[in-house]
Each structure stands twice: as C-alpha cells, then as structure tokens.
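Residues per chain are reported as follows:
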Amino acid sequence: MVLQLSVFLQNKSGKIASITKALHDAGVDIRALTIADTTDFGILRMLVSDIQTAKDALAKHNCIVSVNEVTVVAVPDEPGSLSKILDLLAHEKIDIEYMYSLFTHGEKDAYMVFRVSDGKRLHSVLSQNGIHTVPGEKLGLN
C-alpha cells in the first residue's frame, strides 16, 4: 500500500493552482492526481514524492488534508487487462471506492490506483492471481 494525500477544497477559480504552486514551492513532485467535485467543494487526491513535506506545505495554506492508504496495481498494457482485474474484484466482492491512473507507466504495465473496501483482501486476491502491486519506492514516493 502507498499513502495518498487528500485535500478538501472550495470549488473556486484558482484553488487547484494555488495548491499545486504550494507543492512546487516546497519541492514536492505530484506523481498522480484526481479530483472529484460538486458545486461547492472538491476533493483533490494525489500521490506525491514526499507526503510529510506536502502536508506541511498545505497546512501553511490552511488546507484541510488527510492521508489514506491506497493500492497501486500494475496492469498489463494491453487491451482487456483492466477489465480482467475489475471482473476479478467484482467476483471476489471487493468494492471499489474510487480509482484513477498514474501519470507514468512501467515498461510493460500501466499503473492504476485503487481505494477499496478491504485493502488487505485486495492484496491477497491480486497476489493469488499473479497480479502485482507497485510499492511506493518504485514510484518515487516516500
């Protein structure tokens, strides 16, 4: 599992820009990012190169920040691979809370980030089926 930073933010022009600038100024690299929004607010979820530095930088900007565990899965970079993994999770009744992709990919794999109802079970099912997870160190996360 890797740690993900979640930032609660108002749905106002320039908020995402100010957050990414704060991370830039702190020397933090964003490895993956997704945003879910409503009319009034959003949740910006990120994998970053240094979670503690990112938290500290965003705290200085009065951001509401939380840290969650997520799983990064190596998905073979070929048609149907993601579908097979999703079918496996459905068969095993592992609920996906959300998922998103990373900016980069390996030589033979794309990387997907999963937040699920039971992370330990997810790791077990993936391992039993020859599907690899990706450690944070491989992604430049600490």
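Residues numbered from 1 in each chain as written. Predicted model: local features only at pLDDT ≥ 70, side-chain atom pairs only at ≥ 80, totals over all residues. Heavy atoms only, no water.

Novice: What is the right way to look at helix H3 (residues 81-91) in this model?
Specialist: Quick reminder: α-helices carry 3.6 residues per turn. Residues three or four places apart thus point the same way. Among all positions in H3, only Ser81, Ile85, Leu88 and Leu89 are buried. Angular distribution of buried residues about the axis of H3 spans 95°; they occupy a single face of the element. The outward face of H3, more than 90 degrees from its buried face, is lined by the exposed residues Asp87, Ala90 and His91. Looking one or two residues past H3, lysine 93 carries a phi angle of roughly 55°, positive in sign. (Buried < 20%, exposed > 50% of the residue type's maximum accessible area, 1.4 Å probe, protein only. Helix = DSSP H or I, 4+ residues; strand = E, 2+ residues; numbered from the N terminus. Arc of directions from axis to C-beta.)

Novice: What am I meant to see in the environment of serine 117 here?
Specialist: With respect to the helices, strands and loops of the structure, serine 117 is situated in the loop between strand E6 (109-116) and helix H4 (119-128). Between the C-alpha atom of serine 117 and that of aspartate 56, which follows or precedes it by 61 residues, the distance is 28 Å. If we ignore the near neighbours within four places in the chain, the residues touching serine 117 are Ile94, Asp95 and Glu97. (Contact = heavy atoms within 4.5 Å.)

Novice: What am I meant to see in H4 here?
Specialist: When we look at burial in H4, the residues that qualify are Gly119, Leu122, Val125 and Leu126. The buried residues of H4 occupy one face: seen down the axis, they fall within an arc of 120°. Structural note: H4 exposes Lys120, Ser127 and Gln128 on the side pointing more than 90 degrees away from its buried face. Elements in contact with the buried residues of H4: strand E4 (64-76), H3 and E6.

Novice: Please explain the packing of helix H1 (residues 15-25) against helix H2 (residues 51-59) as it appears in this structure.
Specialist: Any two packed helices are characterised by the angle at which their axes cross and by the distance between the axes. The contact between H1 and H2 brings their axes to 9 Å, and the two run at 125°. On the basis of the axis angle, H1 is oblique to H2. In terms of crossing hand, the pair formed by H1 and H2 is right-handed. The residues of H2 that touch H1, namely those facing Ile19, Ala22 and Leu23, are Ala54, Ala57 and Leu58. Among the residues making up the contact of H1 with H2, the classes are represented as 6 nonpolar, no polar and no charged. (Axes fitted to C-alpha atoms, helices over the stretch in contact; angles between N-to-C directions. Parallel < 35°, antiparallel > 145°, perpendicular 65-115°, else oblique. Left-handed = near helix turned anticlockwise from the far one by under 90°. Nonpolar A, V, L, I, M, F, W, Y, C, P; charged D, E, K, R; others polar.)

Novice: How should I be thinking about the packing of aromatic side chains in this particular structure?
Specialist: Here the distance between the centres and the angle between the planes together describe a pair of aromatic rings. Tallied over the full model, the rule gives 1 aromatic pair. Residue placement shows arginine 45 over the ring face of tyrosine 98; its charged tip is 3.8 Å from the ring centre. (Phe/Tyr/Trp six-rings, centres within 6.5 Å; stacked < 30°, edge-to-face > 60°. Lys NZ or Arg CZ within 6 Å of the ring centre and 35° of its normal.)

Novice: So what exactly am I meant to see when it comes to a nonpolar patch on the surface here?
Specialist: A cluster of nonpolar side chains, Phe8, Phe41 and Ile64, forms an exposed patch at the surface whose accessible area comes to about 280 Å². Relative to the helices and strands, phenylalanine 41 resides in strand E3 (residues 41-48). (Patch = residues over 30% accessible without salt bridge, like charges linked within 9 Å, V, L, I, M, F, W, Y side chains within 5 Å. Areas by Shrake-Rupley, 256 points an atom, 1.4 Å probe, with all protein chains shown as cover. Salt bridge = Lys/Arg side-chain N within 4 Å of Asp/Glu carboxyl O.)

Remember that the coordinates give geometry; whether it matters functionally is a separate question.
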